[in-house]
Amino acid sequence: MTKKINKIAVFTSGGDSPGMNSAIRSVVRTCAFMKLECVAIYRGYQGMIDGDFKPMNARSVNNIINKGGTVLKSARCEEFRTPEGRKKAYDQLVKAKIDAFVVIGGNGSFAGAQLFNEEFDFPVMGIPGTIDNDIIGTSYTIGFDTAINTVVEVIDKIRDTASSHNRLFFVEVMGRDVGHIALNAGVGAGAEEILIPEQNLGLERLLDSLKRSKKSGKSSSIVIVAEGDKTGKNVFELKEYVEEHLPIYDVRVSVLGHMQRGGNPTCFDRVLASRMGVKSVEALLEGKSNYMVGIRDTKLVLVPIKEAISAHTAIDEELIRVSDIMTT
Ligand code: F6P
C-alpha cells in the first residue's frame, strides 16, 4: 500500500526559466486547497542536502505569478550526484516529515529525481521548467514561450538597424544541444537563415543562401545561430568567414545570452505552469510517482521521467520546411 501523503516539498533546480514562480505558486496553493502541508526547498538539491526548508501557505506566494527567475533560487549540485549526498538529502526529508517532492527543472534535475526515487522509494513528480523546450513527452516546457517572445522582440529591434544600414547580422541564441529557440524565434522574426545543432547545413550553403538573398533584392539579413550549431564556427568566426568570402556584406554580431532566460513570463507560460502545478499535486495524491507532467494537444499528461530524459525532443521538420520557404 502506498503511504498517505500529508506534506509535499517543492523546489526549482538547474537553469532558471520564466514561469517557474507561477509553478511554485500553483503547487503551494494546490496544497493549501487540498489541506496538505507544503514546504519550499531553497537552492534545489543543495538546499535539500542542507535542510534549507521553509513552510509555505497560500499567502507565501502572493505576487510572484508575474516574476521571472525563481524565488526559491536554483543551483546545480555536484554533491547530489553522489550516493552520500543523496542519503544526506533523504535524511533531511525524513527529519522534516516530508512525504513527496515536486521538482521544477530540466533534464539533469529529473535524472536526479529518478535516481532518488529508485534508491529510497520516495515519491517524486517533475514539472518541466527550461527555456530550451527539449524534454520528450511535452509539447511545451515552462519558459520556452517567454524566451522565444523575448528573442523575437530583440530581433525586431536589431532588424531596424540591419535594414537602416543594409547590414547582415549574426544573432546567437541559447540552445546548447537543441535548436527549438532558434527555429521558432527565427521563423517568428523572419530570419533569412537559421543554424541549429540538429542540422549541419555547411558553410557553402550559408554563402549560397546569402548570395541568393542579395541577388533577390534583399538589402539586409538576419541569420540566427543556436549556441550548439554544428558548422564548427561561432558567431564571431562566422562573421569573419562571410566578410572574407562575401565582402559585399557589412556584418555585425549580437549574442543575446542570458537576457533570454529572464523577464516576466508570458500568459501562456503562467497558465501552463498553473495547470502543471495542480496536476503534479493531484498525481502524487493518486499514488503516482516518478512522472513528469507534460502537455500534448492541449491536454495534460503524465510521462514517466525515464522517458522524459531519454533523449532531446526532435526538431520540427515541418517548421524547417516553412522556414526554407519563407526565406525565398
Ligand atoms: O537552460 C538551458 C540553457 O538555456 C542552455 O540553452 C544554455 O546553454 C545554458 O542554459 C546556459 O546555462 P548557464 O546559466 O549555466 O550559462
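Predicted, not measured: the structure shown is a model, and the values here were computed from it. The numbering scheme is per chain: residues are counted from 1 as the chain's sequence reads. Only residues with pLDDT of 70 or above have their local features reported here, since the model is predicted, and side-chain atom pairs are shown and tallied only from 80 upward, although totals for entire chains, interfaces and linings are computed over all residues. Note that the side-chain values use all heavy atoms of the structure and ignore hydrogens as well as water.

A.B. asks: Is there a simple way to think about the pairing of strand β2 (residues 37-41) in this case?
C.D. replies: Side-chain positions along a regular strand alternate between the two faces of the sheet. Only protein chains enter the accessibility calculation, which uses a 1.4 Å probe; a residue is then buried when its area is under 20% of its type maximum, exposed when over 50%, and partly exposed in between. By the criteria applied, helices consist of DSSP H or I runs no shorter than four residues and strands consist of E runs no shorter than two, each listed in order from the N terminus. In terms of burial, β2 is largely enclosed, as four of its five residues are buried. In this fold, the crossover linking strand β1 (residues 7-12) to β2 by way of helix α1 (residues 20-33) has right-handed handedness. Note on handedness: a crossover is taken as right-handed if, strands pointing away from the viewer, the path from the first strand over the helix to the second is clockwise.

A.B. asks: What should I look at first to understand the pattern of salt bridges in this one?
C.D. replies: For side chains bearing opposite charge, pairing can occur when the charged atoms are close. The term salt bridge refers to a side-chain nitrogen of Lys or Arg lying within 4 Å of a carboxyl oxygen of Asp or Glu. In total, this model carries 16 salt bridges according to the counting rule given. K7 is paired through a salt bridge with E37; the nearest N and O atoms lie 3.8 Å apart. Of the two residues, K7 is situated in strand β1 and E37 in strand β2; the sequence distance between them amounts to 30 residues. With relative accessibility at 47%, the residue E37 sits in the partly exposed group. For E78, the salt bridge goes to R81, with nearest N and O atoms at 3.4 Å. In the salt-bridge network here, residues are joined through shared partners; they are R43, D50 and D52.

A.B. asks: I would appreciate a short explanation of helix α8 (residues 235-245) in the present structure.
C.D. replies: Residues separated by three or four positions in an α-helix point in the same direction, a consequence of the helix having 3.6 residues per turn. Inspection of α8 places V235, L238, Y241 and V242 among the buried residues, and these make up the whole buried set. With its buried residues spanning 115° around the axis, α8 presents them on a single face. The exposed residues of α8 that point more than 90 degrees off its buried face are E240 and E244. Buried positions along α8 lie against β6 (167-173), β7 (193-195), α7 (202-215), β8 (221-226) and β9 (250-255). Taking the backbone nitrogen of F236 as reference, a side-chain oxygen 2.9 Å away marks N234 as the first, capping residue of α8. Think of it as the arc spanned by the lines of direction from the helix axis to the C-beta atoms. Note on contacts: a residue pair is in contact if any heavy atoms of the two residues lie within 4.5 Å. Here a polar contact is recorded for every N or O atom pair within 3.5 Å, except that within protein the pair must consist of a potential hydrogen donor and a potential acceptor, and residues adjacent in sequence are included only if both atoms are side-chain atoms.

A.B. asks: What exactly am I supposed to notice about the packing of α1 against helix α9 (residues 267-285) here?
C.D. replies: When two helices pack together, their arrangement is given by the angle between their axes and by how far apart the axes lie. Two elements in contact, α1 and α9, have axes whose closest approach is 7 Å; the angle formed by their N-to-C orientations is 40°. Here α1 and α9 pass one another in a crossing that is right-handed. Here α1 contributes S22, A23, R25, S26, V27, T30 and C31 to the contact with α9, which in turn contributes R270, A273, S274, G277, V278, S280 and V281. Any residue that is not Ala, Val, Leu, Ile, Met, Phe, Trp, Tyr, Cys, Pro, Asp, Glu, Lys or Arg is counted as polar, Gly included; the first ten are nonpolar and the last four charged. Across the contact of α1 with α9, the residue classes tally to six nonpolar, six polar and two charged. Every angle, taken between N-to-C directions, lies between 0 and 180 degrees, and every axis is a line fitted to C-alpha atoms, over only the stretch in contact when it is a helix. The hand of a helix crossing depends on one turn: near helix anticlockwise from the far one by less than a right angle means left-handed, and clockwise means right-handed.

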